[in-house]
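Close look at the chain arrangement
Single-letter residue listing:
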Amino acid sequence: MSQVEQTTARALLRRLAVEQSECRVPSLAAAIVRDGEMAWFGARGQVEGAAPTADTQYRLGSITKSMVAALVMRLRDEGVLGLLDPVGGHVPGTPFDEVTIAQLLSHTGGLTAEPPTDWWERTPGLTAEDLFARIGPAEAKHRPGRTFHYSNVGYALLGRLIAKHRGMTWYEALRREVLEPLGMTRTTLRPAAPHATGFAVHPWADVLLEEPEHDHGAMGPAGQLWSTAADLARWAAFLGGRCEGVLSPETLAEMGETAVVADGDAWVAGFGLGLQLARIDGRRLSGHGGSMPGFLAGVWADANAGTGVLFLANTTSGVRYQLLNELLAILDEHEPRLPGEWRPVATDPALLAVTGLWHWGPTPFHLRVLPDGKLSLNAVANSSRGSRFVPQADGTWLGLDGYYAGETLRVEADHLDLNTFILTREPYEQGPPIPGGAGEWHA
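The paragraphs below set out a description of the structure included in this document. (Residues numbered from 1 in each chain as written. Predicted model: local features only at pLDDT ≥ 70, side-chain atom pairs only at ≥ 80, totals over all residues. Heavy atoms only, no water.)

Moving on: the nonpolar core. Grouped together as the largest cluster of nonpolar side chains are 78 residues, with contacts concentrated most on Met-67, Leu-105, Leu-232, Trp-235 and Phe-238. Grouped together as the second largest cluster of nonpolar side chains are 25 residues, Ala-278, Ala-313, Leu-324 and Leu-331 included. (Core = buried A, V, L, I, M, F, W, Y, C linked by side-chain atoms within 4.5 Å. Buried < 20%, exposed > 50% of the residue type's maximum accessible area, 1.4 Å probe, protein only.)

In an α-helix, one turn spans 3.6 residues; hence positions three or four apart end up facing the same way. Here helix α1 (residues 6-22) spans 24 Å end to end across 17 residues, near enough to the 24 Å set by a 1.5 Å rise per residue. Those residues of α1 that sit buried are Thr-8, Leu-12, Arg-15, Leu-16, Ala-17, Glu-19 and Gln-20. Looking one or two residues beyond α1, the residue adopting positive phi is Arg-24, at roughly 55°. (Helix = DSSP H or I, 4+ residues; strand = E, 2+ residues; numbered from the N terminus. Expected span 1.5 Å × (residues − 1).)

Viewed as axis vectors pointing N to C, helix α5 (residues 152-166) and helix α6 (residues 170-179) meet at an angle of 70°, and their least axial separation amounts to 8 Å. The angle between the axes of α5 and α6 places the two elements in the roughly perpendicular class. Between α5, through Gly-159, Ile-162, Ala-163 and Arg-166, and α6, the contact on the second element is made entirely by Trp-170, Ala-173 and Glu-177. Classifying every residue of the contact of α5 with α6 gives four nonpolar, one polar and two charged. (Axes fitted to C-alpha atoms, helices over the stretch in contact; angles between N-to-C directions. Parallel < 35°, antiparallel > 145°, perpendicular 65-115°, else oblique. Contact = heavy atoms within 4.5 Å. Nonpolar A, V, L, I, M, F, W, Y, C, P; charged D, E, K, R; others polar.)

Attention now moves to the packing of aromatic side chains. Counted under the stated rule, the structure contains ten aromatic pairs. Between Tyr-150 and Phe-271 the ring centres are 6.5 Å apart and the planes differ by 70°, which places this aromatic pair in the edge-to-face class. On the criterion of sequence distance, the pair formed by Tyr-150 in the loop between α4 (128-133) and α5 and Phe-271 in strand β8 (residues 269-271) is long-range, its members being 121 residues apart. Given a relative accessible area of 22%, Tyr-150 falls into the partly exposed group. The structure contains a cluster of three or more aromatic residues connected by ring pairs, namely Tyr-58, Trp-226 and Phe-295. Looking at Arg-122, its charged tip hangs above the ring of Trp-119, at a distance of 5.4 Å from the centre. Arg-385 extends its terminal NZ or CZ atom over the ring of Tyr-403, reaching a point 4.0 Å from the ring centre. (Phe/Tyr/Trp six-rings, centres within 6.5 Å; stacked < 30°, edge-to-face > 60°. Lys NZ or Arg CZ within 6 Å of the ring centre and 35° of its normal.)

Attention now moves to the environment of Gly-198. For Gly-198, the location among the structural elements is in the loop between α6 and β4 (199-201). A residue is classified by how much of its surface remains accessible, and Gly-198, at 5% relative accessible area, is buried. Remark: the alpha-carbon pair of Gly-198 and Ala-393, spanning 195 residues in sequence, is separated by 55 Å. Not counting chain neighbours up to four residues away, the residues in contact with Gly-198 comprise Leu-209, Glu-210, Glu-211, Gly-294, Phe-295 and Asn-314.

Have a look at this one:
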């Protein structure tokens, strides 16, 4: 484990201690992940008379959903399903047949938040057949795609989809295909010792009430898993890009793209495909929060910085989720990341010949070769039109992001053809096939 420095560890532990004390949390554990490894672990309070360790289990709550989403994306990558498929084509018979799988993943399908049962988080769960037999048209709350509406029921439906295509329970498929490859052997469906007991803390006195714990049946994919700080650190590393053996980097990046914002135009909080997203203090974070009676949890990853952060607590309410951001801020303050060393990279001379200044009409653009062999095209002045491009087998280049994401760039002898836009070395240069022609400049 690449440890943080002693002064950093002290500052992190103090922030954790303040949270545990001021919020009256029976026990609170947290960890920092750096470059794919746990770099710091801290804990306060007690579990069964001793300080919790990195191997002490807590309930994850809705962090479960992010793991279920990864399994759905594996099905997509295998060609078993498409994200635009109506879910009724895979698990028919609900009022949500026309809702797409992507909408279920991103909570934009309009489904009710909670099932029409007793308070599902505090009662034994139903089978999928019993649960969905109770769900009628009234559980469709919004037109699919209209708005963000968080839905636990939507993830119960995704769990049913997984079970159908894998021929086993959603958890067994998750264990085999996601948890074991990542080394998350202490992430289980039910608690396995050593584990914390979930408590509610009285608002006006320092006394505890033990919260119930059950197998939630068909609602399990919405939030049933138990895990440890050590295992959740592996999940943070996964979210930060260490996804080998489970998903391709491209699929993980797709999960982290903003599908919907959750807080207005100048968004801070959003949602991707099974991942909560946030923009805080210059960081772009992905992960998920979780809560169940007696437990709170959260995990964020900053893929650009190669860092992650998590906490686990056995209290129904009280822990402030900004704890995660403040722990990252302490790490940045005490151990700011050094930029990587610049080193020269061998580049194809044919690519060097096309770098430099190009013009889209009168607008100048810079084309440069990136260290990883991609091309970057950006306007010289501030503009929203810019993208990176990756080479294709047929000699063309495919846009990865920005305005030209998914579009094709062709590099010709005297011009660039970018999805019908012609870029030339000089503004409206005569010779290249500019649609409409190019005349003479005049005063």
